Amino acid sequence: MAELARLVEHLREPARLAAADAPTWATLIRLARKEALIGQLATIVGDAGVSPPPRARLILDDAMIGVEASQRAARWEAREAARLLGGRGYPVVLMKGTAYVVAGLPPAQGRTVGDLDILVPRAALGDAEAVLRANGWEPLKEDSYDDAYYREWMHELPPLAHGERGSVIDVHHTILPLTARLRPDADALIAAAVPVGGGLSVMSPPDMLLHSIAHLFYDGDFEGGLRNLWDIHRLTTHFAAPDFWPALRERARLHQLAAPLARALRTTRNLFGTEIDPALAGSATPLDALIRRRLLARDRHGMPTAPLTRQALYVRSHWLRMPPAMLARHLFTKWRMRRAAEAQG
Amino acid sequence: MSADWASQTVRVGPFAFELRSPLPEVIAAARRLYRDYPADAADGIADYCVAVLPPSAMRRWIRPNLVLACDVEVPFMAPVPRAHGLLALEMGMNLQLAAGMHRFVLIHAGAVARDGGALVMTGESGAGKSTLAAMLGHRGWRFLGDEFALLDPADGRFQPFPRPISLKNASIDLLRDVAPADRFGPRFDGTIKGSVQHLAPPVDAIAAMDAAVPARLIVMPSFVAGSEPTIRRISRAESFFHLSQASTNYRLIGERAFAAVWQLVETAPAYEIGYGSTADAEALIDELWRTHG
């Protein structure tokens with residue numbers, strides 16, 4: 001736990017990098033790779049004007065080639081989405097990494113961007129899927145249970161992959177699964193989105209931050225969570241202004257996300273020293289400590305530690321995602337399918 | 001705790017790998033195979049860590065098998081039997097470069113050098129490039145690598161990456177005749193690719209692994225048992241097509257990779273050769289090298 005805390009400290013105070021010795025660099029690089037923060041580390045090293053040992057420099061430069069390629073591809077995929085969907089008469093909202101890159105926001109610095117995530121009105125899902133499938137995008141999941149599950153209960157279509165490029169697009173109609181206990185207002189998210197050209201838009205600042213928070217603090221088991229928390233830290237710092245906090249409070253109430261927001265603000269302040277409005281941060285609970293432990297659960301070699309904490313938060317993620325009876329049915333079906341597959345294979 | 005695991009750093013060409021495992025016998029096998037390589041990393045910082053471990057505590061004892069844990073996330077790999085730990089390590093090292101290395105254009109090719117120039121051999125899996133590189137590497141050529149050729153976009157040279165040669169099936173016996181017995185690693189039967197045995201390259205090739213060389217000749221071999229030797233000059237466009245297709249990171253690197261591969265096909269002529277025996281292939285290559293080398 002102390003090891004990942006060192007990575008966090010160096011990201012938080014880049015000036016400390018000047019004093020880092022070779023073993024420290026080796027550990028920082030290894031852990032940053034594991035947490036998908038290697039490009040962010042490279043960017044910070046550049047901004048801080050620090051000269052790392054030549055071998056660390058090579059590794060960081062190499063990572064940046066990968067980051068730049070992923071962002072180039074993300075821009076290309078966004079243009080393709082604009083070309084195919086931009087003129088269909090409904091809003092198309094870029095999400096997550098692609099949104100940060102296209103809108104030129106701070107989390108984009110050094111960030112690897114993976115799949116393209118877009119948000120469209122639920123009524124437009126059928127059209128978006130038909131247009132994409134007519135233009136080279138094909139379903140990735142072949143399994144009919146998964147397909148049906150996505151369509152009935154998830155906040156997105158089953159992922160589509162491009163037959164030639166292999167890239168993946170996730171078409172969302174809201175930001176949390178329909179089974180979750182909280183119900184963000186998808187219409188409001190889309191109505192407030194900010195155009196970025198080509199028929200595309202990105203979410204308004206408070207909504208963008210709340211989406212990032214809902215994703216990390218309400219819809220997952222915190223795997224890869226440090227990178228997502230870094231996104232939250234950079235967004236919060238960038239948007240912070242006297243009139244931002246009241247707007248954020250209002251949007252969090254609208255989307256039923258006030259509690260995840262408070263927890264996220266406490267966590268990012270605690271780990272990255274983010275400047276926040278304390279009035280929105282509520283007060284600490286025992287779960288905060290568990291989350292902190294989970295976010296930092298790696299040893300010096302990058303291997304996972306804290307198995308019980310991991311397990312506890314994994315169970316929590318399913319508990320939040322669906323009602324108990326449904327969860328039982330889902331896990332039973334998955335278990336049966338796995339058993340059938342093992343018997344075959 | 002993973003801090004107690006056995007570990008060994010090995011440097012191959014421009015990269016240092018930190019190999020780790022909770023199973024000491026896996027690391028001991030790697031130590032034997034890599035005994036002639038430098039055992040340190042530049043600046044004390046390994047480029048990639050590759051760990052081989054049982055997927056869970058239970059699997060250490062029941063139906064024991066092994067999985068990889070690496071610095072750079074690698075695509076899902078099916079677990080291998082516990083006895084194949086060294087194979088998993090080797091696979092992990094390959095995957096680190098294929099998935100996470102962007103500063104050299106990585107071309108799936110065998111390469112050897114002579115008179116200050118490199119011969120690069122690319123082709124489909126099974127075309128014989130690995131066997132030929134191994135063979136030539138024991139017959140007067142300097143072995144640069146049997147699987148990955150590293151093209152430096154900064155200067156157009158090939159950076160040697162003389163990993164132990166991964167011999168498969170019939171190639172194992174072919175090389176038995178030319179390489180000393182103590183250079184071979186353990187033999188693994190019944191793998192996905194049949195029988196596999198590693199061969200440590202000649203000591204000279206390891207000692208010279210920091211000396212990069214420009215390419216002088218490109219050969220695309222294809223082995224057809226019992227066939228007569230054939231030779232065909234191929235155009236720059238065709239050569240470019242093959243080399244860029246044989247690269248794992250050409251698309252990712254983008255424009256710099258395009259420029260480097262184009263420069264390569266402009267300076268090094270390319271030939272397709274068909275052969276039915278290694279002796280035929282060696283004769284064809286000698287003939288081409290006399291003309292272009």
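Residues numbered from 1 in each chain as written. Chains lettered and ligands numbered in written order. Predicted model: local features only at pLDDT ≥ 70, side-chain atom pairs only at ≥ 80, totals over all residues. Heavy atoms only, no water.

1. Re the overall build of chain A
Line of reasoning, step 1. When its secondary structure is counted, chain A shows 15 helices and 7 strands.
Line of reasoning, step 2. Computed over the C-alpha atoms, the radius of gyration of chain A is 21 Å, within 12% of the 20 Å expected from 2.2 N^0.38 for a compact globule of 345 residues.
Line of reasoning, step 3. Dimensions of chain A, computed from the C-alpha atoms along their principal axes, are close to 55 × 50 × 45 Å.
Line of reasoning, step 4. Here chain A holds 345 residues, and 56% of them are scored as buried.
Line of reasoning, step 5. Entry remark: accessible area of chain A is about 14800 Å², with carbon and sulfur atoms responsible for 55%. (Helix = DSSP H or I, 4+ residues; strand = E, 2+ residues; numbered from the N terminus. Rg over C-alpha atoms; globule rule 2.2 N^0.38 Å. Buried < 20%, exposed > 50% of the residue type's maximum accessible area, 1.4 Å probe, protein only. Areas by Shrake-Rupley, 256 points an atom, 1.4 Å probe, with all protein chains shown as cover.)

2. Points about the pairing of strand β2 (residues 15–21) of chain B
Residues and elements named next belong to chain B.
Line of reasoning, step 1. Counting buried residues along β2, 7 of its 7 residues qualify, which places the element largely inside the surrounding structure.
Line of reasoning, step 2. The alternating pattern of β2 places F15, F17, L19 and S21 and A16, E18 and R20 on opposite faces, both of which are buried.
Line of reasoning, step 3. By the bridge criterion, 7 bridges tie strand β1 (residues 6–12) to β2 in an arrangement that is antiparallel. In the strand pairing of β2, V12 is matched with F15.
Line of reasoning, step 4. Once β1 ends, the chain turns through 2 residues before running back antiparallel as β2, passing G13 with a positive phi of about 55°.
Line of reasoning, step 5. Here 4 bridges tie β2 to strand β3 (residues 48–53), and the two strands are oriented parallel to one another. Bridged to F17 within β3 is Y48. (Pairing = 2+ DSSP bridges.)

3. Re the sheet that holds β1(B)
The strands making up a sheet are joined through hydrogen bonds of the backbone, oriented either antiparallel or parallel.
Residue and element names in this part refer to chain B.
Line of reasoning, step 1. A sheet is described by the order of its strands in space; here 5 strands give the open sequence β1-β2-β3-β4-β5, paired in mixed fashion. Looking at the sheet topology across the chains shown, the edges are occupied by β1 and β5 (80–81).
Line of reasoning, step 2. Relative to strand β4 (residues 65–70), β3 runs antiparallel, the two sharing 4 bridges. Bridge pairing in β4 places V52 opposite L68.
Line of reasoning, step 3. The strands that helix α1 (residues 24–33) touches are β1 and β2; relative to β1, the one it contacts most, it runs at about 25°. (Contact = heavy atoms within 4.5 Å. Axes fitted to C-alpha atoms, helices over the stretch in contact; angles between N-to-C directions.)

4. A closer look at the nonpolar core
Line of reasoning, step 1. Ranked by size, the top nonpolar core spans 98 residues in total, and within it A:W25, A:L85, A:I118, A:V171, A:M208, A:F217 and A:L226 carry the most contacts.
Line of reasoning, step 2. No other element matches the 10 residues that helix α4 (residues 54–85) of chain A contributes to this core.
Line of reasoning, step 3. In contact with A:V171, not counting residues within four places along its chain, are A:I118, A:V120, A:L125, A:A128, A:L132, A:H155, A:E156 and A:L157.
Line of reasoning, step 4. With 38 residues, the next largest nonpolar core counts B:F17, B:A30, B:L33 and B:M209 among its residues. (Core = buried A, V, L, I, M, F, W, Y, C linked by side-chain atoms within 4.5 Å.)

5. Some points on the packing of helix α3 (residues 129–137) of chain B against helix α9 (residues 278–292) of chain B
Residue and element names in this part refer to chain B.
Line of reasoning, step 1. In the contact formed by α3 and α9, the axes pass within 11 Å of each other and the chain directions differ by 70°. With respect to each other, α3 and α9 are oriented roughly perpendicular. Along its contact with α3, which presents L132, M135 and L136, the element α9 presents T278, A281, E282 and I285.
Line of reasoning, step 2. Looking at side-chain class alone, the contact of α3 with α9 contains 5 nonpolar, 1 polar and 1 charged residues. (Parallel < 35°, antiparallel > 145°, perpendicular 65-115°, else oblique. Nonpolar A, V, L, I, M, F, W, Y, C, P; charged D, E, K, R; others polar.)

6. Observations regarding the domain arrangement of chain B
Residue and element names in this part refer to chain B.
Line of reasoning, step 1. Domain assignment breaks chain B into domain 1 (2–100) and domain 2 (105–292).
Line of reasoning, step 2. Each of domain 1 and domain 2 has a C-alpha centre, and the two are 25 Å apart.
Line of reasoning, step 3. Contact with domain 1, which involves 21 residues of that partner, is made by 27 residues of domain 2.
Line of reasoning, step 4. Each partner contributes to the roughly 2000 Å² buried at the junction of domain 1 and domain 2, and carbon and sulfur atoms together form 65% of this total.
Line of reasoning, step 5. Remark: the boundary between domain 1 and domain 2 carries 3 salt bridges.
Line of reasoning, step 6. Two residues, E90 and R163, come together in a salt bridge whose shortest N-O distance is 2.7 Å.
Line of reasoning, step 7. Of all the secondary-structure elements, those providing two or more residues to the side of domain 1 that touches domain 2 are β1, β2 and α2 (85–100). (Domains from an automatic or database assignment. Buried area = accessible area lost by both parts, 1.4 Å probe. Salt bridge = Lys/Arg side-chain N within 4 Å of Asp/Glu carboxyl O.)

7. Notes on empty space enclosed by the protein
Residues and elements named next belong to chain A.
Line of reasoning, step 1. Evaluation of the coordinates by the stated rule reveals 4 cavities of 30 Å³ or more.
Line of reasoning, step 2. The calculated volume of the largest cavity comes to roughly 60 Å³.
Line of reasoning, step 3. For the lining of the largest cavity, the secondary structure elements donating two or more residues are α10 (225–239) and α13 (286–295). (1 Å grid on protein atoms, 1.4 Å probe; cavity = no way out; pocket = protein on both sides within 12 Å on 5 of 7 lines; lining within 4 Å. Points joined across faces, edges and corners; volume = space filled by probe spheres on them.)

8. Re α10(A)
All names here are of chain A.
Line of reasoning, step 1. For α10, with 15 residues, the first-to-last C-alpha span of 21 Å sits near the 21 Å given by 1.5 Å per residue.
Line of reasoning, step 2. Burial runs high along α10: 12 of the 15 residues are buried.
Line of reasoning, step 3. Here α10 has its buried residues at G225, L226, R227, N228, L229, W230, D231, I232, H233, L235, T236 and F239. (Expected span 1.5 Å × (residues − 1).)

9. Observations regarding the interface of chain A and chain B
It is common to report an interface's size as the accessible area lost on association of the parts.
Line of reasoning, step 1. Every contact between the two is made by 23 residues of chain A and, on the other side, 28 residues of chain B.
Line of reasoning, step 2. Summed over both partners, the interface of chain A with chain B comes to about 2100 Å²; 51% of that surface belongs to carbon and sulfur atoms.
Line of reasoning, step 3. Counting the contacts that link chain A with chain B gives 5 salt bridges.
Line of reasoning, step 4. The residue A:D62 makes a salt bridge to B:R103 at a minimum N-O spacing of 3.1 Å.
Line of reasoning, step 5. Counting across the interface, chain A meets chain B through 12 residue pairs in polar contact (both at pLDDT 80 or more).
Line of reasoning, step 6. Looking at the side of chain A that touches chain B, the elements that each hand over two or more residues are α2 (22–34) and α4 of chain A. (Polar contact = N/O pair within 3.5 Å; in protein donor to acceptor, adjacent residues only side chain to side chain.)

10. As for the sheet that holds strand β4 (residues 160–162) of chain A
All names here are of chain A.
Line of reasoning, step 1. Ordered in space as β3-β4-β5-β2-β1-β7-β6, the 7 strands form an open sheet in which the pairing is mixed. Here the strands that pair on one side only, and so sit at the sheet edges, are β3 (137–139) and β6 (194–197). Here the average twist between neighbouring strands, direction ignored, is 40°.
Line of reasoning, step 2. Helix α6 (residues 125–133) contacts β3, β4 and β5 (168–172) of the sheet and is inclined by roughly 165° relative to β5.

11. Description of the pattern of salt bridges
All names here are of chain A.
Line of reasoning, step 1. Taken as a whole, this structure holds 40 salt bridges over all chains when the rule is applied.
Line of reasoning, step 2. Its salt-bridge partner being R227, residue D231 comes within 3.8 Å of it at the nearest N-O pair. You can see D231 and its partner R227 sitting in helix α10, 4 residues apart, about one turn around the helix.
Line of reasoning, step 3. Residue classification places D231 among the buried positions, given a relative accessible area of 1%.
Line of reasoning, step 4. On the basis of relative accessibility, which here comes to 19%, the residue R227 falls in the buried class.
Line of reasoning, step 5. Linking E250 and R253 is a salt bridge whose minimum nitrogen-to-oxygen distance equals 2.8 Å.

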